[in-house]
Amino acid sequence: MADILVSIRNLDVHYHTRMGVVKALDKVSLDIERGQLIGLVGESGCGKSTLGFAILRLIPPPGRIVGGSILFDAEELLDKDGAYMRQIRGKRISMVFQDPMTSLNPLQKIGDHLVETITTHESISKQEAWKRAEELVDRLGISPSRLSDYPHQFSGGMRQRIMISLALALDSDLIIADEPTTSLDVIVEAQILDLLKELKAAYNMTLMLITHNMGIVAELVDRVAVMYAAKIVEVADALDLFANPVHPYTQGLLKSIPNIKLLDQEFEIMKGSPPDLIDPPTGCRFHPRCLHAMDICSEVDPPLKHVGNGTMVACHLY
Ligand code: SF4
């Protein structure tokens, strides 16, 4: 039986704005198995980062989790108080952000940052924490002598390695990486992706990788969840999803990726744009853009259901 680390059910996140209520997550359900590397993909604004922040209970105001459940290691996170969540964050669930400079204190040396992170969550001496910090950065390809440097003295790729070392410092059960390579050039991006692959094998990490880049997903992940307009529309093992995407939106996403092995490839650009989440289309939210839309599609919201082979899809075609 699958060892589920995170089980999300019917999660709703709303932002109350002057224009109306933005339903940023709408009845989202997802399981993440221990040791799995899951990719969360979809266009900008589909809710993928919101889901990452919701797991950490860090939805910024005016957003709020208004319904549903997040079980983490069988414990309901939505019932926990602020003090409990502060212990969980960093120690058991870590987040790696797109721009490391937003998370690193520019006035604090990298070594002090790591030592503070470790000693906040574990009762060990500063000397022991410093030793562990040295081992960690060395493992991630940074000379331990650079622990005395400040964040601005590192390149973007090095800073992202430091963020990953912070996530590994406490041996977190779950690492959520939100577009971790978007601000990097392609060579450094490839290095960071190789590093994540290596670490996954070495640490048996459970990693949720949030990205709009299907190439990264193909390269790295075990399982993929595809989001469209605040909902999950397909979840499948990565090999199955790329070989046989079942939701029309996933099919459209994959057809729009360039493939250098296919010299005569014709791109298909998906028509239309993602809907306004204050007033989304009725029924299936993808119906105004879907080439297979039927009458029922504009009336009934299709539930996410199993269609065999471990694949789940929300579409009336199945
Ligand atoms: Fe297309 Fe209908 Fe399926 Fe939505 S439910 S993806 S509109 S076929």
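Before reading further, recall that the structure is shown in the block above.
The paragraphs below set out a description of the structure included in this document.

Calculation notes
Residues numbered from 1 in each chain as written. Predicted model: local features only at pLDDT ≥ 70, side-chain atom pairs only at ≥ 80, totals over all residues. Heavy atoms only, no water. Pairing = 2+ DSSP bridges. Helix = DSSP H or I, 4+ residues; strand = E, 2+ residues; numbered from the N terminus. Contact = heavy atoms within 4.5 Å. Axes fitted to C-alpha atoms, helices over the stretch in contact; angles between N-to-C directions. Salt bridge = Lys/Arg side-chain N within 4 Å of Asp/Glu carboxyl O. Buried < 20%, exposed > 50% of the residue type's maximum accessible area, 1.4 Å probe, protein only.

1. Topic: the sheet that holds strand β4 (residues 63-72)
Reading across from one edge, β2-β1-β4-β5 is the order of the four strands in this open sheet, with antiparallel pairing throughout. Since the sheet does not close on itself, it has two edges, and those belong to β2 (20-33) and β5 (75-76), each with one partner. Where strand β1 (residues 4-17) and β2 come together, 10 bridges link them in antiparallel fashion. Residue pairing in the sheet places H16 in a bridge with V21 of β2. On the sheet, helix α1 (residues 48-55) packs against β1, β2 and β4 and is oriented at approximately 110° with respect to β1.

2. Quick look at the pattern of salt bridges
On inspection of all chains with the given rule, the structure shows 18 salt bridges. In this structure, the salt-bridge partner of D12 is K27, at a minimum N-O distance of 2.6 Å. Placement of D12 in strand β1 and of K27 in strand β2 is noted, with a sequence separation of 15 residues between them. Using a relative accessible area of 47% as the deciding quantity, one classes K27 as partly exposed. Residues joined in a network through salt bridges with shared partners are D3, R34, D73, R92 and D173.

In short, the description is geometric, and any link to function would need to be established separately.
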